[in-house]
Amino acid sequence: MADGALATLAEPGLTRVEAVMAAIERRIDGRAMAAGARLPSVRSFAETMQVSKSTVVEAYDRLLAQGSIVSRPGSGFYVAGKPQPLSLAAIGPRLDREVDPLWIARQSLETGDDVLKPGCGWLPPDWMPEEGLRRASRQIARDRGTSLTCYDTPLGLPPLRQQLARRLTEHGILAHPDQIVLTDSATHALDLICRFLVEPGDTVLVDDPCYFNFHALLRAHRVKVAGVPFGDAGPDLAAFEQALREHKPRFYLTNSGLHNPNGASLGPAAVHRILRLAEAHDTLIVEDDIYADFEAEPGPRLAGFDGLDRVIHIGGFSKTLSAAARIGVIAIRSDWVERLVDLKLAVCLSNSHLSAALIHRFLVDGSYRHHLESVRTRLAECRGTTLKRLAAAGLSVPFVPTAGMFLWARLPNGLDAAEVSRRALAKGVVLAPGNVFSLGQNAADHLRFNVAQCAEKRVFDVLEQAMAG
């Protein structure tokens, strides 16, 4: 408990008694201390917290009074009653609530059109094929062969799975339609995979930096999260091997193409080396490929080189087609399909049949291909413009991806991205500060920019004002 407890003491505005109470409450809220768990003795906890015994006695008395702990004469103090609902904010590093990952998601989703969102992770609404989706929806409604009321099959809509199997071959991934399981989103797919593979206390390895919601989702599953430095060419392979040896992770979670946040894609040599190391250390790989369709020329994929033996491949369409009609895709080895589907039936019964039918219709009539061509062209134009505006504002972008929506930019003069983000928010701009992506908190001077959301000059006017203080 010592590290989290001592960190709590540094919080401004808390007395020493309140700091001791907060240290204990945080552990209880995060379920690191379950109902019935014994608290440290007054003497030992005073030494740990570097406070007097009387401070700990008063803190324990207050916790007793509010019912958080109970006293058992002659035995000590224990966590009381039933566990509280899980608090993700109580797990992991204590970040400023104004710039933590879930706050960024909430601000991006809840704020109105008057707020600019260069820190969000999706395309602007007017980039999406809304009229085409409406047309496809009308066609589905008229099609008597499409049920508007029934559950889908356990694996998901067969025609869509057949289409997806053909599309996966474009990335060198050979998967039979019966190796593809549909879910309600890529996030739902990852949640299902976590339920399938890990138990509380297992370790999962992620890139540092990586998509911030990986951190939150893994903490919700009560697993330990370890990080490996990730750069322009992929993970630091020496650090990757050391992490596999030291942590013995259940799986490694990564984007092999158009990585979030830095936009990098793995080359063949890196893919080969990662797979060799994972095999040597008996580690599985979960490959989140949600950004695959932004690539005009598909790059190598871990699942393609591996043949879906050690790699589970996840995809979806929320970034490229619709976040309202969401479908996630899992491609998995054939001998695991039945057990995964049993788990899917247990926790959600079915995925959305209407969403699957809509996406299938859009894929097979050629509309999706034309839409992607337009999006790729617009992203390339926005990338060039955003790079120029970032440079003019004094930010550097050491690595420029060839596709996708993200740029990973460094602030000048060691400026703190969290502080810059606070100031920008006050002026109606939501930024994405680097440390929300970094497990090791190693990106304090970075910001992730979504080039598609950077069209308005006001984004950069506010950014420069926020940088100036």
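Residues numbered from 1 in each chain as written. Predicted model: local features only at pLDDT ≥ 70, side-chain atom pairs only at ≥ 80, totals over all residues. Heavy atoms only, no water.

As annotated in an unreviewed UniProt entry, the protein chain carries the name 8-amino-7-oxononanoate synthase and is attributed to Methylobacterium haplocladii. UniProt's Sequence similarities (unreviewed entry) comment on the protein chain is quoted here verbatim: "In the C-terminal section; belongs to the class-I pyridoxal-phosphate-dependent aminotransferase family." (UniProt positions renumbered as here; feature names shortened; annotations may be inferred.)

Asker: Please provide a residue-by-residue account of the sheet that holds strand β8 (residues 284-288), values included.
Answerer: Taken together, 8 strands build an open sheet; the order of strands is β3-β10-β9-β8-β7-β4-β5-β6 and the sheet is mixed. Two strands close off the open sheet at either side, each with one partner strand: β3 (180-183) and β6 (234-235). Relative to β6, strand β5 (residues 224-231) runs antiparallel, the two sharing 2 bridges. Looking at β6, one finds that Phe230 is bridged to Pro235. Packed onto the sheet, helix α8 (residues 186-197) meets β3, β7 (251-254), β8, β9 (311-316) and β10 (328-331) and runs at close to 155° relative to β9. Strand contacts of helix α13 (residues 337-347): β3 and β10, with the helix running at about 15° to β3, the strand carrying the most contacts. (Pairing = 2+ DSSP bridges. Helix = DSSP H or I, 4+ residues; strand = E, 2+ residues; numbered from the N terminus. Contact = heavy atoms within 4.5 Å. Axes fitted to C-alpha atoms, helices over the stretch in contact; angles between N-to-C directions.)

Asker: Which residues make up the pairing of β10, and what values do they have?
Answerer: Burial along β10 is two-sided: Gly328 and Ile330 and Val329 and Ala331, pointing in opposite directions, are all buried. Where β3 and β10 come together, 4 bridges link them in antiparallel fashion. Note that in β10 the partner of Thr183 across the bridge is Gly328. (Buried < 20%, exposed > 50% of the residue type's maximum accessible area, 1.4 Å probe, protein only.)

Asker: Give a description of a nonpolar patch on the surface that names residues and reports values.
Answerer: On the surface, Tyr151, Leu345 and Leu349 cluster together into a nonpolar patch covering about 320 Å² of accessible area. By secondary structure assignment, the location of Leu349 is in the loop between α13 and α14 (353-364). (Patch = residues over 30% accessible without salt bridge, like charges linked within 9 Å, V, L, I, M, F, W, Y side chains within 5 Å. Areas by Shrake-Rupley, 256 points an atom, 1.4 Å probe, with all protein chains shown as cover. Salt bridge = Lys/Arg side-chain N within 4 Å of Asp/Glu carboxyl O.)

Asker: Describe the packing of helix α10 (residues 237-247) against helix α11 (residues 268-280), and please don't skip the residues or the numbers.
Answerer: Remark: α10 packs on α11, axes separated minimally by 10 Å, with the N-to-C direction vectors making an angle of 15°. Taken together, α10 and α11 sit at an angle that is classed as roughly parallel. Along this stretch, α10 crosses α11, giving a crossing that reads as right-handed. Across from Leu237, Phe240, Glu241 and Leu244 in α10, the residues of α11 making contact are Arg273, Ile274, Leu277 and Ala278. (Parallel < 35°, antiparallel > 145°, perpendicular 65-115°, else oblique. Left-handed = near helix turned anticlockwise from the far one by under 90°.)

Asker: Would you mind going over the packing of aromatic side chains in detail, with residue names and values included?
Answerer: Considering all chains together, one arrives at 11 aromatic pairs under this definition. Ring plane angle 70° and centroid distance 5.9 Å describe the contact between Phe196 and Trp336, whose orientation is recorded as edge-to-face. Taken together, the positions of Phe196 in helix α8 and Trp336 in the loop between β10 and α13 put the pair 140 residues apart, joining distant regions of the chain. Judged by centre distance (5.3 Å) and plane angle (80°), the rings of Tyr211 and Phe214 are edge-to-face. Assessed through its relative accessible area of 22%, Tyr211 is described here as partly exposed. Look at Phe214 and you get buried, because its relative accessible area is 3%. Grouping aromatic residues by their ring pairs yields a cluster made of Tyr211, Phe212, Phe214, Trp408 and Phe437. The lysine or arginine in question, Arg72, covers the ring of Tyr78, its NZ or CZ lying 3.9 Å from the ring centre. (Phe/Tyr/Trp six-rings, centres within 6.5 Å; stacked < 30°, edge-to-face > 60°. Lys NZ or Arg CZ within 6 Å of the ring centre and 35° of its normal.)

Asker: Describe the domain arrangement of the protein chain, with residues and values.
Answerer: In terms of domain boundaries, the protein chain breaks down into domain 1 (16-79), domain 2 (101-122 + 369-468) and domain 3 (130-365). Between domain 1 and domain 2, the C-alpha centre-to-centre distance is 42 Å. (Domains from an automatic or database assignment.)

Asker: Which residues make up the pairing of strand β4 (residues 203-208), and what values go with them?
Answerer: Counted residue by residue, β4 has 6 buried out of 6 residues, so it is predominantly covered. As paired elements, β4 and β5 share 6 bridges and run parallel to each other. When the bridges of β5 are listed, Asp208 appears paired with Pro229. Taken together, β4, helix α9 (residues 212-220) and β5 constitute a β-α-β crossover, and its handedness is right-handed. Pairing geometry for β4 and β7, over 3 bridges, is parallel. Across the sheet, Leu205 pairs through a bridge with Tyr252, a residue of β7. (Right-handed = clockwise from strand over helix to strand, strands pointing away.)

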